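Observations on the model geometry
Letter by letter, the chains look like this.
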Amino acid sequence: MPILNRAAEMQDEVAGWRRHIHQTPELNFDVFKTAAFVTEKLKEFGCDDVVTGLGKTGVVGIIHGRRGKGATIGLRADMDALPLNEITGKSYASTIPGKMHACGHDGHTAMLLGAAKYLAETRNFAGSVAVIFQPAEEGGGGGNEMVKDGMMERFDIGKVFGMHNMPGLAVGQFAIRPGPIMAATAEFTITVKGRGGHAAMPHGTIDPIVITSQLVGALQTIASRSTDPVEAVVVSVTKFHAGDAYNIIPESAEIAGTVRTLKKEIAKKAEERIRAICAGLSTAFGAKIDVDFQSNYPVTFNHADETVFAGDVAAVVAGDNHVHRAIQPVMGGEDFSYMLEARPGAFIFIGNGDTAGLHNPAYDFNDEIIPHGMSYWVKLAETALAA
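Since the structure is predicted, the reported quantities are computational estimates derived from the model, not experimental observations. (Residues numbered from 1 in each chain as written. Predicted model: local features only at pLDDT ≥ 70, side-chain atom pairs only at ≥ 80, totals over all residues. Heavy atoms only, no water.)

Bringing the nonpolar core into the picture now. Within the largest apolar cluster, 59 residues are counted, with the highest numbers of intra-cluster contacts made by Leu42, Val129, Phe133, Phe174 and Tyr376. It is helix α4 (residues 105-122) that provides the largest number of residues to this core, a total of nine residues. Once residues lying within four places of it in the same chain are set aside, the contact partners of Tyr376 are Met163, Phe174, Ala310, Val313, Ala314, Val317 and Ile348. With 24 residues, the next largest nonpolar core counts Val60, Ala130, Met166 and Ala175 among its residues. (Core = buried A, V, L, I, M, F, W, Y, C linked by side-chain atoms within 4.5 Å. Buried < 20%, exposed > 50% of the residue type's maximum accessible area, 1.4 Å probe, protein only. Helix = DSSP H or I, 4+ residues; strand = E, 2+ residues; numbered from the N terminus. Contact = heavy atoms within 4.5 Å.)

Quick look at the structure:
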């Protein structure tokens, strides 16, 4: 089964849904219009049950197969956008300043809606399919909220699968790996409190800018000198705020950033080193340094059997030579990780072609991949739930 004929026929219709969602992007859990659109479509398709308000604003549609009772699998898409100003110039570009779908969640939602329509029409499987549309992937942990709301137990979901587009991977190709495929994330804010004064008399101050500048460099030794070179860790300082005048050394300075790892023990070591480095610089310079370290998403960890299964399904759709089964892990975070902690499953990448990167104001989801994504979802459901 290469691309389904029906999926190819539906491409323009599904692209229309995607572009509609693209024009009205919503952030975090505030995906009310998007969730309402999804709910309307699922009811229109004839889903056996449509439940709203899961994980605050998530939506789940249940489709029963015509071949008797069986297991239930979950297929997940995300709905939220990003706080960016779009610069694509597309006719369907965001109509809301400061918000855009720069990660392709509009496309993920549309492809899963297309698959839901097909599965509701054909029902060529035993058991049930739960199509999961979650809010707040971009930092809000909507996946975790849906799990905590009892989604897996309520619908008796036995396995769960996710998919994300990947710019730079050719259209018609898929990529996956067993084990860690995306990183655990954490965020830190460090405040250095010194003693301000006249910029011409620095000897009477404890300069927080000098201390914080040294701190930025010292944090890079966590990856280069405190972690085994074969392990993956990223420590990035992404904010630096201090001072308001040319001739005043300020009282304090603040930096913030992120830590990405593929193992819990490496994440713990990184936090320990951040705190130790700050304690050392505090003693050396006589400043007070406060560290706020917050762990965020866990590692997105693909289960072994389900990874093989997902790769085999992708190979049926795309051909063996178009499925990369040992992709390098991506150091971005993904809250599908919570669903994979709750149930066995796998997360796969689908090629978006030669496009701008994710989280870029020039990014746009490639509508040419819609039939490939729909076909993958349909084949996965029908194979997993074969009588």
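What follows continues from the structure just given.
Considering the arrangement of structural elements, one finds Lys239 in strand β10 (residues 233-242). The exposure class assigned to Lys239 is partly exposed, which follows from its relative accessible area of 48%.

Our next topic: the UniProt feature "domain: Peptidase M20 dimerisation" (unreviewed entry) in the protein chain. The positions UniProt marks with the feature "domain: Peptidase M20 dimerisation" (unreviewed entry) are residues 186-279. Secondary structure over residues 186-279 splits into 34% helix and 34% strand, and the C-alpha atoms at its two ends are 20 Å apart. (UniProt positions renumbered as here; feature names shortened; annotations may be inferred.)

Attention shifts here to the side chain of Thr205. By the element assignment, Thr205 lies in the loop between β9 (197-198) and α7 (208-219). A polar contact of 2.8 Å, which involves the side chain of Thr205, links it to the backbone oxygen of Pro202. Residue contacts for Thr205: discarding those within four places in its chain leaves Arg195, Gly196, Gly197, His198 and Ile249. (Polar contact = N/O pair within 3.5 Å; in protein donor to acceptor, adjacent residues only side chain to side chain.)

You will see that Asn28, though not glycine, has its phi angle at about 55°, which is positive. Tracing the sequence through the fold places Asn28 in the loop between α2 (11-23) and α3 (32-45). Phi angles above zero are rare outside glycine, and Ala136 is one such case at about 55°. Relative to the elements of secondary structure, Ala136 occurs in the loop between β4 (128-134) and α5 (142-148).

The method is simple in principle: a probe with the dimensions of a water molecule rolls over the atoms, and the space it marks as empty is what remains. By volume, the largest pocket amounts to about 720 Å³. Looking at the lining of the largest pocket, the elements with two or more residues in it are β5 (157-167), β8 (184-193), β10 and β12 (252-261). A breakdown of the residues in the lining of the largest pocket according to their chemical character gives 14 nonpolar, 12 polar and seven charged. In this structure, the second largest pocket occupies an estimated 360 Å³ of space. What lines the second largest pocket is a set of 23 residues, among which Ala184, Lys263, Lys264, Pro298 and Val299 lie closest to the centre. Every element with two or more residues in the lining of the second largest pocket is listed here: β8, β12, α9 (264-285), β13 (288-295) and α11 (336-342). Among the elements that line the lining of the second largest pocket, the one with the most residues is α9, at four residues. Tallied by class, the residues present in the lining of the second largest pocket amount to 12 nonpolar, six polar and five charged. (1 Å grid on protein atoms, 1.4 Å probe; cavity = no way out; pocket = protein on both sides within 12 Å on 5 of 7 lines; lining within 4 Å. Points joined across faces, edges and corners; volume = space filled by probe spheres on them. Nonpolar A, V, L, I, M, F, W, Y, C, P; charged D, E, K, R; others polar.)

Our next topic: the packing of aromatic side chains. The geometry of an aromatic ring pair is captured by two quantities: the separation of the ring centres and the angle between the planes. Inspection of the entire model under this criterion finds seven aromatic pairs. For the ring pair Phe174 and Tyr376, a centre distance of 5.5 Å and an interplane angle of 35° mean the geometry is tilted. You can see Phe174 sitting in strand β6 (residues 174-175) and its partner Tyr376 sitting in helix α12 (residues 370-384), a full 202 residues away along the chain. An identical accessibility class is assigned to Phe174 and Tyr376; each is buried. Taken together through their ring pairs, the aromatic side chains of Phe174, Tyr376 and Trp377 make up a single cluster. Directly above the ring of Phe29 sits Lys56, whose terminal nitrogen or CZ lies 4.3 Å from the centroid. (Phe/Tyr/Trp six-rings, centres within 6.5 Å; stacked < 30°, edge-to-face > 60°. Lys NZ or Arg CZ within 6 Å of the ring centre and 35° of its normal.)

What follows deals with helix α10 (residues 304-318). Between the first and last C-alpha of α10 there are 21 Å, a value that for 15 residues agrees with the 21 Å anticipated at 1.5 Å per step. All of the buried residues in α10 are Glu306, Thr307, Ala310, Gly311, Val313, Ala314, Ala315, Val317 and Ala318. If you follow the buried residues of α10, they end up packed against β5, β6, β14 (300-302), β15 (323-324), β16 (345-353) and α12. (Expected span 1.5 Å × (residues − 1).)

This paragraph deals with the sheet that holds β12. As summarised here, the arrangement of the four strands in space is β10-β12-β8-β13, forming an open sheet in which the pairing is antiparallel. Strand pairing shows two members of the sheet lacking a second neighbour, β10 and β13, which therefore form its edges. Neighbouring strand axes in the sheet, compared pairwise and without regard to direction, differ in orientation by 15° on average. Sheet topology places β8 next to β13; eight bridges connect them, and they run antiparallel. By the bridge assignment for β13, Phe188 is matched with Phe293. Each of β8, β10, β12 and β13 touches α9; the most contacted strand, β13, lies at about 170° to it. (Pairing = 2+ DSSP bridges. Axes fitted to C-alpha atoms, helices over the stretch in contact; angles between N-to-C directions.)

This paragraph deals with the packing of α4 against α12. Their axes nearest at 9 Å, the elements α4 and α12 cross at an angle of 45°. What the angle tells us is that α4 and α12 run oblique. Handedness of the crossing formed by α4 with α12: right-handed. For the pair formed by α4 and α12, the contact residues are Met111, Leu112, Gly114, Ala115, Tyr118, Leu119 and Thr122 on the first element and Ile370, Gly373, Met374, Trp377, Val378, Ala381 and Glu382 on the second. Considering only residue class, the contact of α4 with α12 consists of 10 nonpolar, three polar and one charged. (Parallel < 35°, antiparallel > 145°, perpendicular 65-115°, else oblique. Left-handed = near helix turned anticlockwise from the far one by under 90°.)

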